[in-house]
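# Residue-level structure breakdown
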Amino acid sequence: MERPDVMRVWRPDWPCAVRRVLAQQRRGAGDPTLRLAPPGERGPHWRASRTPEGPVTLAIESRNADGEVHARAWGPGAEWASDQLPELLGAADDWTGFEPRHPVVREAWRRNPHVRLGRTSRPLEAVVPSIIEQKVTGKEAFAGYRALVLRYGEPAPGPAADVGLRLPPTPAVLQSIPSWEWLGMHIDPARSRAVVTAARHATALERIASRGPVAAPELDRALRSLPGLGIWTSAEVRQRTLGDPDAVSFGDFHVAKDVGWALSGREIDDRELAELLEPWRPHRGRVPLVLGAAGLRRPRRGHRASLRGHLPRV
């Protein structure tokens, strides 16, 4: 295997669940930009990204009981990605001020005290798949994004070809894709236009995101000012790009129903979700995160179960 340009050993000060945090960035099991090792294996996990310094391939794994994280990086963006590794894995996620408030949330957090939000600082890498996921099934959206990357991305640096890793398309490439090619990837004109518009504003979005979590309100305004991008897309982008703890995916098919089922024993709508989560501001997004980590989701099929009096062991 080709020698990496940068190697790093990092020891988190908490039990970092590397795979779980990286999975926040994955768009379906076939995502060509992120290849995770099977559950239960330490890695390596492979990630391809376009950093401010250029493309990078990153291989990440936990190697011993002390919790050390070993990373290897190839490409012009190797130094940047190595420096940003702790943030990618949740080191900057500050839970100060979060109060469980509800017994179900309290128990879920007790069982998952080390859950973290990672952040990439790369907004376009979250914007494009989030737009493609608008108003379609996950299966269709993941297939569309996979087709886009395979057709218009490029091989990532180093040994990435061995694991089928590819870089996402550049803003310039996204703007050059003909309308009929988008349709061939089952991405309709409304979503493709939104992707192209976001690509045109990529530099401005990156400039805002470079300021870190304090820029979340500004990034929200910038995203929602673009045609075809709304509250759901903004939240999905801010969660992944900035690790925004207050970002809630209002408009999602599952979030309101799952949170309502877990906390009140019934499915609720977005209006009720907003009211329910308001006491947690500016940590509203942590509630769905903690409940999801505990496996608290409404039954997807069959008769809806009543609120459980205990949590599953995870």
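Look up a bit, the structure's there.
Here the structure is a predicted model, which is why all the values come from computation and not from measurement.

Rules and cut-offs
Within any chain, residue numbers begin from 1 and follow the written order of that chain's sequence. Residue-level local features of this predicted model are given only where pLDDT is at least 70; pairs of side-chain atoms are given and counted only at 80 or more, and the full residue set underlies all totals for whole chains, interfaces and linings. Only hydrogens and water are set aside; all other atoms, that is, all heavy atoms of the structure, feed into the side-chain values. Centres within 6.5 Å are what make two rings of Phe, Tyr or Trp a pair, Trp counting through its six-membered ring; a difference in plane orientation under 30 degrees is then read as stacked, over 60 as edge-to-face, and the rest as tilted. Helix numbers and strand numbers start at the N terminus; a helix is a DSSP run of H or I with at least 4 residues, a strand a run of E with at least 2. Note on exposure labels: buried denotes an accessible area under 20% of the residue type's maximum, exposed denotes more than 50%, and partly exposed covers the range between, all computed with a 1.4 Å probe on protein chains only. The rule for a charge over a ring is simple: NZ of Lys or CZ of Arg within 6 Å of the ring centre, and within 35 degrees of the ring normal. The distinction between a cavity and a pocket rests on a 1 Å grid over the protein atoms alone: a 1.4 Å probe fits inside a cavity but cannot get out, while a pocket stays open yet meets protein on both sides within 12 Å along at least five of seven lines, and a residue with an atom within 4 Å of a point counts as lining. Grid points are joined across faces, edges and corners, and a volume is the space filled by probe spheres set on the points. Under the scheme applied, nonpolar residues are Ala, Val, Leu, Ile, Met, Phe, Trp, Tyr, Cys and Pro; charged residues are Asp, Glu, Lys and Arg; polar residues are all the others, including Gly. Here, nonpolar core means buried Ala, Val, Leu, Ile, Met, Phe, Trp, Tyr and Cys residues that are tied together by side-chain atoms lying within 4.5 Å of each other. We call two residues in contact whenever any of their non-hydrogen atoms come within 4.5 Å of each other. A pair of strands is labelled paired if DSSP reports no fewer than 2 bridges between them.

### A word on the packing of aromatic side chains
Enumeration according to the criterion identifies 5 aromatic pairs in this entry. Plain terms: the ring middles of Phe98 and Trp109 are 4.9 Å apart, the flat faces sit at 85° to each other, and that makes the pair edge-to-face. Remark: Trp109 occurs in helix H3 (residues 103-111) and Phe98 occurs in the loop between helix H2 (78-88) and H3; sequence separation between them is 11 residues. Assessed through its relative accessible area of 23%, Trp109 is described here as partly exposed. Linked through ring pairs, Trp95, Phe98 and Trp109 together constitute an aromatic cluster. Across the ring face of Trp14, the terminal group of Arg116 is positioned such that the distance to the ring centre comes to 4.0 Å.

### Overview of empty space enclosed by the protein
Taken as a whole, this structure holds 3 cavities of 30 Å³ or more when the rule is applied. Volume-wise, the largest cavity comes out at about 130 Å³. Residue lining of the largest cavity: 15 residues in total, with Gln25, Thr33, Arg47, Glu125 and Tyr145 positioned closest to the centre. Listed by contribution, the elements that provide at least two residues to the lining of the largest cavity are strand E3 (45-51) and helix H4 (123-132). The greatest single-element share of the lining of the largest cavity, amounting to 3 residues, is contributed by H4. A per-class count over the lining of the largest cavity returns 6 nonpolar, 3 polar and 6 charged. The calculated volume of the second largest cavity comes to roughly 80 Å³. Every residue along the wall of the second largest cavity is listed here: Arg47, Ser49, Thr51, Val56, Leu58, Trp80, Ala81, Gln84, Leu88, Thr120 and Arg122. Counting only elements with at least two residues in the lining of the second largest cavity, the list comes to E3, strand E4 (54-62) and H2. Sorting elements by how many residues they give to the lining of the second largest cavity places H2 first, with 4 residues. Of the residues contributing to the lining of the second largest cavity, the split by class is 5 nonpolar, 4 polar and 2 charged.

### Brief notes about the nonpolar core
In this structure, Val127, Val128, Ile132, Leu148, Leu174 and Trp182 are the most contacted members of the largest nonpolar core, which totals 34 residues. Mapped onto this core, the elements with two or more residues apiece are H4, helix H5 (138-152), helix H8 (189-200), helix H9 (202-209), helix H10 (216-224) and helix H11 (231-242). For this core, the element with the most residues is H4, which contributes 6 residues. Excluding residues that lie within four positions of it along the chain, Trp182 makes contacts with Leu148, Leu174, Ile177, Ile187, Ser192, Val195 and Val196. Listed in part, the 26 residues of the second largest apolar core include Phe98, Val248, Phe250 and Ala256.

### Examining the pairing of E3
Of all 7 residues in E3, 7 are buried, a share of seventy percent or more. Both strand E2 (residues 34-35) and E3 contribute to a ladder of 2 bridges, which runs antiparallel. Bridge pairing in E3 places Leu34 opposite Arg47. Two strands pair when backbone bridges link them, and E3 and E4 are joined in this way by 7 bridges, in the antiparallel orientation. Paired with His45 across the bridge in E4 is Ile60. Adjacent in sequence and paired antiparallel, E3 and E4 are bridged by 2 residues.

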